[in-house]
Every structure is written in C-alpha cells, then in structure tokens.
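# Examination of the molecular architecture
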Amino acid sequence: MKFIGIITSLALTLITQVRAGFVFPFSGCLTSQGWEEFNGHCYKLMYDRLTAEPADVATMRDTCEDVGPIKFGDSGAFIGLAYLADIQSMEENDFVSEMVAGGSRAWIGAEKDVSSFYWIRDSESDKVEVSFTNWKFNEPNDKDGSEDCVEINRGPPGKWNDLLCSRKLPGVCKYNITAYTASRKD
Ligand SMILES: [Ca+2]
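Now for a description of the structure that goes with this document. This is a predicted model, so every value here is computed, not measured.

### A short note on the nonpolar core
- Membership of the largest hydrophobic core comes to 38 residues, with the highest contact counts inside it found for Leu 84, Trp 107, Ile 108, Val 172 and Cys 173.
- The residues contacting Ile 108, other than those within four sequence positions of it, are Leu 84, Ala 85, Ile 87, Val 150, Ile 152 and Val 172.

Spelled out as structure tokens, the structure:
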C-alpha cells in the first residue's frame, strides 16, 4: 500500500505541476512562458486564453485561474492558483507597470463593492479591501456611476483608473510561489 501511495503522490505531483503542457517549477517562475518573478510571486501579462484577445474582467479572472498552476481543493476539484493581480506597494506597482509596458493598459484585480474597492483572488478566499493605491489624478471618478473595475497604466505609467468591467483589456495574472509549493506537500 505504501508503494501505491508513493505512486499516487507522484502522479498527483505530475498532474499538478503540468498545466497545458508546461511544468511549473517549485522555485522561481516559468520564464519560458512569460512568467516573471517579483518578491515571491510570479506574474504574466495575459490575453483571453481562448481568443488571445483583450477581454472583460470576468473573462480575465477565469483566464488567470486557467493558465497558472493548480492545487486540489477540499472537494477534490482542481483550483487555479493564479488570479488577477493585487498590488500591495509602489515597488510592486512599478514592477507590474513595467511588465505590462509599451504604453499598454491592463486589468488588475480590484473591484468595487458599494463604495470601496477590494482585491478578489478566488472564490474560496475572502476579498480584501484595497489599501495601497496609485490612482491617476481625478480618479477613481466612477463615470456614469458604472466604473467598478480597475486598470493600470492609464495615462502616466503605473497610474490606476476605474472603468467599466465589460471593457476589453489584457490582464496581469499573479500567483504566490509558496502557496503553490505548499499545496504539493499535503
Ligand atoms: Ca474612471
């Protein structure tokens, strides 16, 4: 039985490391596929995983879950560990802004509920109220009372703007390397 257990464990490790044909490393990031490392996390600028086009926020959240590494949830289902990026400091903001680069705008993971913005990582974790911010001058302006999502690089590099969640942009995906490696030890 111990042998079977080891085989099962190896199989699970292989399944969870390999995603879309890629093996996610247990340290560092999958640089060959565009993932870049900053402060214990991996980041990637992504487009819709199905169309390779810019997409609305909901589609980009799904894309992030689909393109990153996975773990097994309590129900036994696979859970994607990557999420539309939260940003906690100016250093991280600079990193993300430069990674998006080229004057491009991109979704980050903040979304408004009533009057406050929250980071939403996945359906299993609580949303966390945004603390660090880098709003563009006169933003968030909630134009027409309907701007509930947040883009980076609007106007000056690194600055944030609130806009309609249905607008189409690429998105910045992110996952915690330690959360990934820890998920392999249970
Ligand atoms: Ca706005």
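### Side note on the pairing of strand β11 (residues 149-152)
- Burial along β11 is two-sided: Cys 149 and Glu 151 and Val 150 and Ile 152, pointing in opposite directions, are all buried.
- Pairing geometry for strand β8 (residues 106-113) and β11, over 4 bridges, is antiparallel. Bridge pairing links Ala 106 to Ile 152 in β11.
- Where β11 meets strand β12 (residues 160-163), 4 bridges bridge the pair, whose relative direction is antiparallel. Within β12, the residue paired with Glu 151 across the bridge is Asn 161.

### Quick notes on unusual backbone geometry
- A cis amide bond links Glu 139 with the next residue in sequence, Pro 140, at an omega value of 0°.
- Position of Pro 140 among the secondary structure elements: in the loop between β10 (128-129) and β11.

### Examining helix α2 (residues 57-67)
- Among the 11 residues of α2, 8 are classified as buried, and the element is accordingly described as predominantly covered.
- All buried positions along α2 are accounted for by Val 57, Thr 59, Met 60, Arg 61, Thr 63, Cys 64, Glu 65 and Val 67.
- Of the surrounding elements, those touching the buried residues of α2 are β4 (41-46), β6 (78-80), β7 (83-84), β8, β11 and β13 (171-176).

The rules we used
- Per chain, the residues get numbers from 1 upward, laid out in the order the sequence is written.
- For this predicted model, a pLDDT threshold of at least 70 governs which residues receive local features, and a threshold of 80 or more governs which side-chain atom pairs are given and counted, while totals over whole chains, interfaces and linings are taken from all residues.
- Put simply, a nonpolar core is a cluster of buried Ala, Val, Leu, Ile, Met, Phe, Trp, Tyr and Cys residues tied together by C-beta atoms within 7 Å.
- Any residue whose C-beta has 12 or fewer other C-beta atoms within 10 Å is treated as exposed, any with 20 or more as buried, and any in between as partly exposed, C-beta atoms being built from the backbone.
- Contact between residues is assigned whenever the C-beta positions, reconstructed from backbone atoms, fall within 7 Å.
- By the criteria applied, helices consist of DSSP H or I runs no shorter than four residues and strands consist of E runs no shorter than two, each listed in order from the N terminus.
- Whether two strands pair depends on DSSP finding at least two bridges between them.

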